[in-house]
Amino acid sequence: MTVTHALEGDVLRRQDPELADLLLGERERQASTLQLIAAENFTSPAVLAALGSPLANKYAEGYPGARHHGGCEIADVAERLAVERAKALFGAEHANVQAHSGSSAVLAAYAALLRPGDTVLALGLPYGGHLTHGSPANFSGRWFDFVGYGVDAESGLIDHDQVRTLARTRRPKAIVCGSIAYPRHIDYAFFREVADEVGAYLIADAAHPIGLVAGGAAPSPVPYADVVCATTHKVLRGPRGGMILCGAELAERVDRAVFPFTQGGAQMHTIAAKAVAFGEAATEAFAVYTHQVVANARALAAALAAEGLVVTTGGTDTHLITADPAPLGVDGRTARGRLAAAGLVMDCCALPHADLRGLRLGTAAVTTQGMREAEMIRIAAFIGQALRDEASAPRVREQVRDLAGAFPP
Ligand SMILES: *Cc1c(COP(=O)(O)O)cnc(C)c1O
């Protein structure tokens, strides 16, 4: 896939060469290094075109057919198209495509279902919970009484017994399943069963796997959760933004929780780009892509283990891997810096039951570039080399540049 867009034109360069240079520099950075941040991807030229379209100029507070602004005839059709495509793609009765981001989607889900002070059960932050799952630095931790469940110290898998026990003793109003760092499929049927037992809502925060769900490469939370929150920019490969899926009975509460409760005007250019991305995600080519994303992650996890890193849960079901580089003599924070110097861009993250941080990486972006298992094995070798021998960074950087150059984004 070759991304050509507004940067090719000279409108911006003539008017604002300073910013044009910055954008070219960013494109060069993205094209010459390897984007292994699990939450990132490369959108298509069509998605970028919609983002840069005249809908960027349109104010559209409200929902199709009930706007607070005039001139929304086309915006209404575009939003209805995005909604219908999302519903069809995920088999959902209702879709809200206005949430500005994944965090906004979660905020709206809580606003739709909870009152301040309610108890919510979610994966604890040290085990991969998102900031919106009860961080004291976030509205969620300030306004709700979050109880964290964890993962088993040995297997790294969600501790289902603990989830059930905490649900029975703490009687949460909602249970959240979903994570920024959990590499395995989530057992949505299990969470539904526990939620039903204690009379709680089930909120699936599927920001990461929703793209895999679209392509049939991961189980869907839609049949199980009362509300599914998601992003559109991770594996799903759309514009930066959020989305909420739910049953017809919660549709009005969810819509009102997004607008007017937590947001103002819809970002119509982003909604148009979401429609484009949902259209792409409904194709056979996208299904093939998502299965390759997972195959690549499995190959990369196995190759990283062979390099001596300890891969959490022993592998992955998804696009996402977390690993402890400690056996190579570095902690995650140091490792991230060394790898960045070699052109390998990824995150460090908390590791369950470990004092030091580990590495979190994903295969969504490199798979969009067309890389396959053979390239994953080379990437693991680059990572091992750069971590074992700090002085090798410039050499590895050149090899990374060659590999990235052979698969232009
Ligand atoms: C990425 C993510 C979010 C937040 O998405 P933003 O668009 O960055 O606000 C929320 N929850 C989970 C589980 C995520 O992975």
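Residues numbered from 1 in each chain as written. Predicted model: local features only at pLDDT ≥ 70, side-chain atom pairs only at ≥ 80, totals over all residues. Heavy atoms only, no water.

If you check an unreviewed UniProt entry, the protein appears there as Serine hydroxymethyltransferase from Streptomyces composti. Under Catalytic activity (unreviewed entry), UniProt gives the following word-for-word description of the protein: "(6R)-5,10-methylene-5,6,7,8-tetrahydrofolate + glycine + H2O = (6S)-5,6,7,8-tetrahydrofolate + L-serine". A UniProt comment under Subunit (unreviewed entry) is attached to the protein, and it reads "Homodimer." (UniProt positions renumbered as here; feature names shortened; annotations may be inferred.)

(A) The overall build of the protein, seen in detail. Assigned secondary structure in the protein consists of 16 helices and 15 strands. In terms of its C-alpha atoms, the protein occupies a principal-axis envelope of roughly 60 × 60 × 40 Å. Counting contacts in the protein only where the partners sit at least 6 residues apart, residues at least 24 apart contribute 71% of the total. (Helix = DSSP H or I, 4+ residues; strand = E, 2+ residues; numbered from the N terminus. Contact = heavy atoms within 4.5 Å.)

(B) Here's a closer look at the site of the ligand. The local shell around the ligand consists of Ser101, Gly102, Ser103, His130, Ser179, Ile180, Asp205, Ala207, His208, Thr231, His233 and Lys234. Contact distances for the ligand include 2.7 Å between an oxygen atom and a side-chain N or O atom of Ser103. Within the complex, the protein chains bury 85% of what would otherwise be the 380 Å² of accessible surface of the ligand. Its residues assigned to classes, the shell around the ligand comprises two nonpolar, eight polar and two charged. (Near = heavy atom within 4 Å. Polar contact = N/O pair within 3.5 Å; in protein donor to acceptor, adjacent residues only side chain to side chain. Areas by Shrake-Rupley, 256 points an atom, 1.4 Å probe, with all protein chains shown as cover. Nonpolar A, V, L, I, M, F, W, Y, C, P; charged D, E, K, R; others polar.)

(C) Region of the structure containing the UniProt feature "domain: Serine hydroxymethyltransferase-like" (unreviewed entry) in the protein. Feature annotation in UniProt assigns "domain: Serine hydroxymethyltransferase-like" (unreviewed entry) to the following positions: residues 13-383. With 44% helix and 15% strand, residues 13-383 has end C-alpha atoms that lie 37 Å from one another.

(D) Spotlight on the environment of Pro260. Tracing the backbone shows Pro260 in helix H10 (residues 251-262). Measuring from C-alpha to C-alpha, the distance between Pro260 and Gly62 comes to 7.6 Å, with 198 residues separating the pair along the chain.

(E) Highlighting unusual backbone geometry. A cis amide bond, omega 10 degrees, links Phe259 with the succeeding residue Pro260. With phi around 60 degrees, His353 is a residue other than glycine that occupies positive phi space. Counting through the fold element by element, His353 comes out in the loop between strand S14 (347-349) and strand S15 (358-362). The class of His353 is partly exposed, set by a relative accessible area of 47%. (Buried < 20%, exposed > 50% of the residue type's maximum accessible area, 1.4 Å probe, protein only.)

(F) Quick look at the pairing of S15. The buried fraction of S15 is high, at five of five residues. Of the pairings in the sheet, the one linking strand S12 (residues 320-324) to S15 comprises four bridges and is antiparallel in character. Along S15, the bridge assignment pairs Ala323 with Leu359. As paired strands, S14 and S15 are joined by three bridges and run antiparallel to one another. (Pairing = 2+ DSSP bridges.)

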